[in-house]
Amino acid sequence: MTLKEFLQDKTLTAVELIDFDYNQIINVYVEGINYGLAIDTSNIPCGTPLEYRTDFTLEEDILSVSDFSINTNDVEML
């Protein structure tokens, strides 16, 4: 199931991302519950901190945080 399909009729409340050099959105919070995304994290060192963010935008199919964005049609849920 894609992130877009999952978000239908739900409220996205926050995202967790690895910022720094990686710019990866790892988890989404929907109505306060944490859900993982099927993102390849093999190049990210163990122990790299996640950043909880509520200052995201979701316009049409594009989820953006800071200067990074993903197409919700291209990302699968775990």
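### Section: the overall build of the chain
- Helix and strand content of the chain: one helix and seven strands.
- Order of helices (α) and strands (β) in the chain, N terminus to C terminus: α-β-β-β-β-β-β-β.
- Taken over C-alpha atoms, the radius of gyration comes to 12 Å for the chain, in line with the 12 Å a tight globule of 78 residues would show.
- Across the 78 residues in the chain, those meeting the buried criterion constitute 38%.
- When contacts within the chain are restricted to residue pairs at least 6 apart in sequence, long-range pairs at least 24 apart make up 51% of them.
- Accessible surface for the chain amounts to roughly 4800 Å². Of this, 47% is attributable to carbon and sulfur atoms.

### Some remarks on the nonpolar core
- If you look at the biggest cluster of nonpolar residues, it comprises 17 residues, and the most contacted ones within it are Leu 3, Ile 25, Val 28, Leu 37, Leu 63 and Ile 70.
- Where this core is concerned, the elements lending two or more residues are helix H1 (3-7), strand S1 (12-18), strand S2 (24-30), strand S6 (62-65) and strand S7 (68-71).
- Sequence-distant contacts of Leu 63, defined by excluding residues within four places in its chain, comprise Leu 3, Leu 12, Val 15, Ile 25, Val 28, Phe 56, Thr 57, Leu 58, Phe 68, Ser 69, Ile 70 and Thr 72.

### Observations concerning unusual backbone geometry
- Look at Glu 60: it is not a glycine, yet its phi comes out positive at around 55°.
- Among the secondary structure elements, Glu 60 is positioned in the loop between strand S5 (56-59) and S6.
- Its identity is not glycine, yet Ser 66 carries a phi of approximately 55°, on the positive side.
- Positionally, Ser 66 belongs in the loop between S6 and S7.

Reading the values: rules and limits
- Residues numbered from 1 in each chain as written.
- Predicted model: local features only at pLDDT ≥ 70, side-chain atom pairs only at ≥ 80, totals over all residues.
- Heavy atoms only, no water.
- Helix = DSSP H or I, 4+ residues; strand = E, 2+ residues; numbered from the N terminus.
- Rg over C-alpha atoms; globule rule 2.2 N^0.38 Å.
- Buried < 20%, exposed > 50% of the residue type's maximum accessible area, 1.4 Å probe, protein only.
- Contact = heavy atoms within 4.5 Å.
- Areas by Shrake-Rupley, 256 points an atom, 1.4 Å probe, with all protein chains shown as cover.
- Core = buried A, V, L, I, M, F, W, Y, C linked by side-chain atoms within 4.5 Å.

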